[in-house]
Amino acid sequence: MADEKKMEEMLTTIENMSVLELSNLVKSIEEKFSVTAQAPVAAQAVGAVPGAAAEEEKTTFTVVLASAGDKKIQVIKEIRTIINLGLKEAKDLVEGAPKTVKEGVGKDEAEDIKKKLEAQGVKVELK
């Protein structure tokens, strides 16, 4: 019963939040628990409905360091040059993988960052 009351209180709090507060809450939850609130996108079937809008080409990307690999020192150095971080911040980013390296970058820059990091033996994802 105490859990139901606690849940009801949380839902009431959420109901009374502004859109901006809800947006910040979602971002905080995503960061804290390394999850995303985006719905999975189903692949379009071949021969889809004629006249259906073609999927827009993505123009901005988020570069995510999925795993640090074995050459952490080289990876830390590369991260520092890519996003101009201090030594401690770069080390924390690398050791905390998976972590976002850079957000809102163009396709060419994202591919360039990915290539540089993968050359150091790490796994990188573009989202």
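Student: When you look at the side chain of T62 in this model, what are you seeing that I'm missing?
Tutor: The residue T62 is located in strand 1 (residues 61-67) in this model. In this structure, T62 is in contact with T100, K102, E103, G104, E125, L126 and K127, ignoring residues within four places of it in sequence.

Student: How should helix 3 (residues 72-83) be read in this particular structure?
Tutor: Because an α-helix completes one turn every 3.6 residues, residues spaced three or four positions apart along the sequence face the same direction. Compared with an ideal rise of 1.5 Å per residue, which puts 12 residues at 16 Å, helix 3 spans 16 Å between its outermost C-alpha atoms and is within 8% of the ideal. Among the residues of helix 3, V75, I76, E78, I79 and I82 are the ones counted as buried. Burial along helix 3 is one-sided: seen end-on, the buried residues are contained in an arc of 165 degrees. Set apart from the buried face of helix 3 by more than 90 degrees, the exposed residues are I73, K77 and T81. Buried residues along helix 3 sit against helix 4 (87-95), strand 2 (99-105) and helix 5 (107-118). N84, located one to two residues past helix 3, shows a positive phi value of around 55 degrees.

Student: Even after reading the chapter, I still don't get the packing of helix 3 against helix 5, so can you show me in this structure?
Tutor: Packed helices, taken two at a time, are described by the angle between their axes plus the distance between the axes. Running from N to C, helix 3 and helix 5 point in directions that differ by 160 degrees, and their axes come no closer than 10 Å. When the axes of helix 3 and helix 5 are compared, the pair comes out roughly antiparallel. Here helix 3 runs over helix 5; the crossing is right-handed. Across from E78, I79 and I82 in helix 3, the residues of helix 5 making contact are I113, K116 and L117.

Student: I tried to follow the pattern of salt bridges on my own but got confused; where do I start?
Tutor: A side chain with one charge can pair with a side chain of the opposite charge if their charged atoms come near. The final tally for this structure, using the stated rule, is 5 salt bridges. Residue D92 pairs with K88 through a salt bridge whose shortest N-O separation is 2.9 Å. Of the two residues, D92 and K88 are both situated in helix 4; the distance of 4 residues between them amounts to about one turn of the helix. On the accessibility criterion, D92 (38% relative accessible area) is partly exposed. Its relative accessible area of 56% is what places K88 among the exposed residues. Here E125 ties to K127 by a salt bridge, and the two come within 3.8 Å at their closest N and O atoms. On the accessibility criterion, K127 (48% relative accessible area) is partly exposed.

Reading the values: rules and limits
Residues numbered from 1 in each chain as written. Predicted model: local features only at pLDDT ≥ 70, side-chain atom pairs only at ≥ 80, totals over all residues. Heavy atoms only, no water. Helix = DSSP H or I, 4+ residues; strand = E, 2+ residues; numbered from the N terminus. Contact = heavy atoms within 4.5 Å. Expected span 1.5 Å × (residues − 1). Buried < 20%, exposed > 50% of the residue type's maximum accessible area, 1.4 Å probe, protein only. Arc of directions from axis to C-beta. Axes fitted to C-alpha atoms, helices over the stretch in contact; angles between N-to-C directions. Parallel < 35°, antiparallel > 145°, perpendicular 65-115°, else oblique. Left-handed = near helix turned anticlockwise from the far one by under 90°. Salt bridge = Lys/Arg side-chain N within 4 Å of Asp/Glu carboxyl O.

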